[in-house]
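Residues per chain are reported as follows:
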Amino acid sequence: MSDHRLQDAIDTLKESGVRITPQRHAVLEYLVESMSHPTADDIYKALEHKFPNMSVATVYNNLRVLREIGLVRELTYGDSSSRFDCNTSDHYHAICESCGKIVDFHYPRLDEVESLAEQVTGFHVSHHRMEVYGTCSECRSKAAH
Ligand SMILES: [Zn+2]
Ligand SMILES: [Zn+2]
């Protein structure tokens with residue numbers, strides 16, 4: 001599954017004419033395999049040992065390129081560090097208030113909200129975001145011990 005997604009992502013990179021550097025490949029691979037909505041800093045720390053000369057700025061640069069060709073979404077939640085998501089299909093996020101973990105889930109019926117909003121406000125709605133907050137199962141089981 002993740003091999004397939006990585007290959008798809010690499011094909012998209014090739015088609016868009018973006019050069020595939022080893023670092024860019026590694027950033028993409030990390031995003032596809034971790035599925036954890038990491039920050040640029042998380043990615044940097046995970047790849048530091050493979051690319052000792054790589055800086056956080058390089059990671060940001062690569063993320064920007066991947067975002068521009070639509071392979072990654074940048075998620076901002078009002079704090080300083082953006083999270084990066086390589087799941088670009090429509091989905092929602094459950095966010096753990098204790099450890100900050102972000103988990104994907106789908107709820108297609110919410111698409112009706114966009115057409116309702118258009119009718120009510122006269123806006124042309126481009127997209128919407130929804131997050132639910134709580135405590136993940138790992139944090140709950142930790143708290144129980
Ligand atoms: Zn948690
Ligand atoms: Zn996501």
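Residues numbered from 1 in each chain as written. Chains lettered and ligands numbered in written order. Predicted model: local features only at pLDDT ≥ 70, side-chain atom pairs only at ≥ 80, totals over all residues. Heavy atoms only, no water.

*Asks:* Can you explain the overall build of the protein? Please cite residues and give values.
*Replies:* Scanning the protein from N- to C-terminus turns up six helices and five strands. If you list the helices and strands of the protein from N to C, you get α-α-α-α-β-β-β-β-α-β-α. For the protein, the spread of C-alpha atoms along the principal axes amounts to about 50 × 50 × 30 Å. Each of the 145 residues in the protein was classed as buried or not, and the buried ones make up 30%. Here the protein displays about 9,200 Å² of accessible surface, and carbon together with sulfur accounts for 51% of that area. (Helix = DSSP H or I, 4+ residues; strand = E, 2+ residues; numbered from the N terminus. Buried < 20%, exposed > 50% of the residue type's maximum accessible area, 1.4 Å probe, protein only. Areas by Shrake-Rupley, 256 points an atom, 1.4 Å probe, with all protein chains shown as cover.)

*Asks:* Quick one: what's the story with the nonpolar core, residue by residue and with numbers?
*Replies:* Core analysis: the biggest nonpolar cluster contains 24 residues, and L28, L31, L63 and L66 have the highest contact counts within it. When residues no more than four places from it in sequence are discounted, the contact partners of L63 are V27, L31, A40, I43, V72 and F84. (Core = buried A, V, L, I, M, F, W, Y, C linked by side-chain atoms within 4.5 Å. Contact = heavy atoms within 4.5 Å.)

*Asks:* So what's going on with the environment of T12? Residues and values would help.
*Replies:* Within the element layout of this structure, T12 appears in helix 1 (residues 2–15). Residue classification places T12 among the partly exposed residues on the basis of a relative accessible area of 28%. In sequence terms T12 and G70 are 58 residues apart; their C-alpha atoms lie 9.0 Å from each other.

*Asks:* Give a detailed account of the coordination of the zinc ion (ligand 2), specifying residues and quantitative values.
*Replies:* Only H37 (NE2), D85 (OD), H91 (NE2), H93 (NE2) and D104 (OD) from the protein coordinate the zinc ion (ligand 2), and they sit 2.0 to 2.2 Å from it. Classification of D85 by relative accessible area gives buried; the value is 3%. Residue classification places D104 among the partly exposed positions, given a relative accessible area of 22%. (Donors = N, O, S within 2.8 Å, 3.2 Å for Na, K, Ca; no water.)

*Asks:* Could you give an account of the pairing of strand 3 (residues 92–96), with specific residues and numbers?
*Replies:* Of all five residues that make up strand 3, four are buried, and the element is covered over most of its length. Relative to strand 4 (residues 102–105), strand 3 runs antiparallel, the two sharing four bridges. Residue pairing in the sheet places Y92 in a bridge with F105 of strand 4. A loop of five residues connects strand 3 with strand 4, the two strands running antiparallel in sequence, and G100 in this loop sits at a positive phi of about 85°. The sheet contact formed by strand 3 and strand 5 (residues 131–134) spans four bridges and is parallel. Looking across to strand 5, one finds that H93 is bridged to E131. (Pairing = 2+ DSSP bridges.)

*Asks:* Give me the coordination of the zinc ion (ligand 1): which residues, what numbers.
*Replies:* Put simply, a metal with four donors set out as a tetrahedron has ideal angles of 109.5 degrees, and one with six donors set out as an octahedron has ideal angles of 90 or 180 degrees. Every protein donor of the zinc ion (ligand 1) is listed here as C96 (SG), C99 (SG), C136 (SG) and C139 (SG), and their distances to the metal cover 2.2 to 2.3 Å. Taken together, the four donor atoms coordinating the zinc ion (ligand 1) and their angles of 103 to 118° define a geometry best described as tetrahedral. (Tetrahedral: all angles 85-135°; square planar, octahedral: opposite > 155°, others 65-115°.)

*Asks:* An account of the domain arrangement of the protein is requested, with residue identities and associated values reported.
*Replies:* For the protein, the assigned domains read domain 1 (1–85) and domain 2 (92–143). For the pair domain 1 and domain 2, the summed buried surface comes to about 630 Å²; carbon and sulfur atoms form 47% of the total. The largest per-residue losses of area from domain 1 upon contact with domain 2 belong to H37, Y77 and R83, which jointly make up 67% of the total buried on that side. Our count for the domain 1 to domain 2 interface comes out at zero salt bridges. (Domains from an automatic or database assignment. Buried area = accessible area lost by both parts, 1.4 Å probe. Salt bridge = Lys/Arg side-chain N within 4 Å of Asp/Glu carboxyl O.)

*Asks:* Could you give me a rundown of the UniProt feature "binding site: Zn(2+)" (unreviewed entry) in the protein, with the residues and numbers involved?
*Replies:* Under the present numbering, the feature "binding site: Zn(2+)" (unreviewed entry) in UniProt falls on C96, C99, C136 and C139. These annotated residues cover 44 residues of sequence, but their C-alpha atoms sit close together, with the largest distance between any two at 8.3 Å. With respect to the helices and strands, C96 occurs in strand 3. Take C96: its relative accessible area is 5%, and that puts it in the buried class. Residues within four places of C96 in sequence aside, it is in contact with K101, G134, T135, C136 and C139. Relative to the elements of secondary structure, C99 occurs in the loop between strand 3 and strand 4. If we skip the residues at most four places from it in the chain, C99 touches C136 and C139. (UniProt positions renumbered as here; feature names shortened; annotations may be inferred.)

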